[in-house]
Amino acid sequence: MLSYCENLLLLQLFLPASSRCVCHSYQETSYLSLQESQLFGPSEETLQLFLPASSRCVCHSYQETSYLSLQESQLFGPSEETINMKISIFAGVLLLSAAVISVDVLSVDGEETPVEKFKRQHIYQNMAPNRCQAVITERDIKDVKTNKCKEKNTFIDASYDKVKKVCGDEGEPIKIGNKILRISRENFNFRVVDCKCNENNYFPKCDCSGSSGNKRIVIDCDQNKNPDHYERSYPITIIMNEL
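Residues numbered from 1 in each chain as written. Predicted model: local features only at pLDDT ≥ 70, side-chain atom pairs only at ≥ 80, totals over all residues. Heavy atoms only, no water.

Draft legend 1. Quick look at the overall build of the protein chain. Within the protein chain, the secondary structure is distributed over four helices and 15 strands. Put simply, the protein chain has 243 residues, and 46% of those count as buried. The long-range fraction of contacts in the protein chain, counting pairs at least 24 apart against all pairs at least 6 apart in sequence, stands at 58%. Of the accessible surface of the protein chain, which amounts to about 12,700 Å², a share of 49% is contributed by carbon and sulfur atoms. (Helix = DSSP H or I, 4+ residues; strand = E, 2+ residues; numbered from the N terminus. Buried < 20%, exposed > 50% of the residue type's maximum accessible area, 1.4 Å probe, protein only. Contact = heavy atoms within 4.5 Å. Areas by Shrake-Rupley, 256 points an atom, 1.4 Å probe, with all protein chains shown as cover.)

Dropping the structure here:
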């Protein structure tokens, strides 16, 4: 298995420096910023010292989207044509070994599923309000159609597994508009960081600021009781019949 540094060097040589990747393996999902040479886990903390050889990445840059299979030593461009990659590192040829992607992680066209998008945009343990601008940039959170900044994005200071409990016994149904969602129970609240950005600016110059507080979160869940959409949050003492 190649070290994290060797895999990162390979990615940097073959992908634009502006690329940000979502790398999936059997074990975990990692968020990779090539420009900053950093690998982050779901909590945005460095997950481990290597990028697993079983990883396959979806990498976005200003120019293109690339699909990278580390185990098959292949880089797929926008047209899905294969570019064979062979590289000599430390006077030897290092070939990367390879991965199979589960269909519940990436959709057929390589885009994020709603669950993965929820994790990227809303799950961040130990998030700080003064980190809004940096994290919004790292996580590539923007209006994808216009490349402008999102006006607001909320991060939940908890693991995905804890948030998932709101889809079960630690949550209750709540109707908002025509949708039936889930709200965390009063005694099962979360610290959230609300990031507000200038929606008139183009990403990544979003001029974001943040505030935090303990609140009850409202989310949507898929048929397997996995959180896949963040709706909003309420004060802990909100009275349900007032909603």
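Now that the structure has been shown, we can carry on.
Draft legend 2. Broad picture of the state of the cysteines. Across all of its chains, the model carries four disulfides by this definition. Between the sulfur atoms of Cys149 and its disulfide mate Cys206 the distance is 2.1 Å. As the torsion about the S-S bond is roughly -85 degrees, the Cys149-Cys206 disulfide counts as left-handed. Of the two residues, Cys149 is situated in the loop between helix H3 (132-138) and strand E10 (152-156) and Cys206 in the loop between strand E13 (190-196) and strand E14 (209-221); the sequence distance between them amounts to 57 residues. What makes Cys149 buried here is its relative accessible area of 4%. (Disulfide = S-S within 2.5 Å.)

Draft legend 3. Representation of the packing of aromatic side chains in the model. As enumerated under the stated definition, the model contains three aromatic pairs in all. Ring geometry for Phe118 against Tyr160: centres 6.1 Å apart, planes inclined by 70 degrees, an arrangement best described as edge-to-face. Of the two residues, Phe118 is situated in helix H2 (residues 114-122) and Tyr160 in helix H4 (residues 160-164); the sequence distance between them amounts to 42 residues. For Phe118, a relative accessible area of 1% translates into the label buried. Geometrically, the ring pair formed by Phe188 and Phe190 is edge-to-face, given 5.3 Å between the ring centres and 85 degrees between the ring planes. Each member of the pair Phe188 and Phe190 is classed as buried. A cation sits over an aromatic face here: Lys162 above Phe188, 5.7 Å from the ring centre. (Phe/Tyr/Trp six-rings, centres within 6.5 Å; stacked < 30°, edge-to-face > 60°. Lys NZ or Arg CZ within 6 Å of the ring centre and 35° of its normal.)

Draft legend 4. The environment of Glu151, seen in detail. Turning to its location among the elements, Glu151 is positioned in the loop between H3 and E10. Residues Glu151 and Lys196, spaced 45 residues apart in sequence, show a C-alpha to C-alpha distance of 5.7 Å. Each residue touching Glu151, except ones within four places of it in the same chain, is listed here: Cys195, Lys196, Cys197 and Glu199.

Draft legend 5. Quick peek at the pattern of salt bridges. What the rule picks out here adds up to eight salt bridges. Here Glu112 and Arg120 are joined by a salt bridge, their closest N and O atoms 2.8 Å apart. The partner of Glu116 in a salt bridge is Lys119, with the nearest N and O atoms 3.7 Å apart. With Glu116 and Lys119 both in helix H2 and three residues apart, this pair spans about one turn of that helix. Look at Glu116 and you get buried, because its relative accessible area is 5%. (Salt bridge = Lys/Arg side-chain N within 4 Å of Asp/Glu carboxyl O.)

Draft legend 6. Representation of the pairing of E13 in the model. With five of seven residues buried, E13 is to be regarded as a mostly interior element. One ladder, built from five bridges, connects E10 with E13; its direction is antiparallel. Within E13, the residue paired with Lys152 across the bridge is Lys196. Here E13 pairs with E14 via seven bridges, running antiparallel. Across the sheet, the residue bridging to Cys195 is Gly210, located in E14. (Pairing = 2+ DSSP bridges.)

Draft legend 7. Highlighting the environment of Asn224. Mapping Asn224 onto the fold places it in the loop between E14 and strand E15 (227-235). Along the sequence, Asn224 and Cys167 sit 57 residues apart, while their C-alpha atoms lie 9.2 Å from each other.

Draft legend 8. Spotlight on the nonpolar core. Grouped together as the largest cluster of nonpolar side chains are 16 residues, with contacts concentrated most on Phe118, Ile156, Val163, Phe190, Ile217 and Ile219. For this core, the elements supplying multiple residues, two or more each, are H2, H4, E13 and E14. The contacts of Ile156, once residues within four sequence positions are left out, are Phe118, His122, Ile123, Tyr124, Gln125, Val163, Phe190, Arg191, Val192, Ile217 and Tyr230. Membership of the second largest hydrophobic core comes to 14 residues, among which are Tyr124, Met127, Ile136 and Cys197. (Core = buried A, V, L, I, M, F, W, Y, C linked by side-chain atoms within 4.5 Å.)

Draft legend 9. Layout of the side chain of His122. With respect to the helices and strands, His122 occurs in helix H2. At a separation of 2.7 Å, a polar atom in the side chain of His122 contacts the main-chain carbonyl oxygen of Thr154. In this view, His122 contacts Asn153, Thr154, Phe155, Ile156 and Tyr230; residues no more than four positions away in its chain are not counted. (Polar contact = N/O pair within 3.5 Å; in protein donor to acceptor, adjacent residues only side chain to side chain.)

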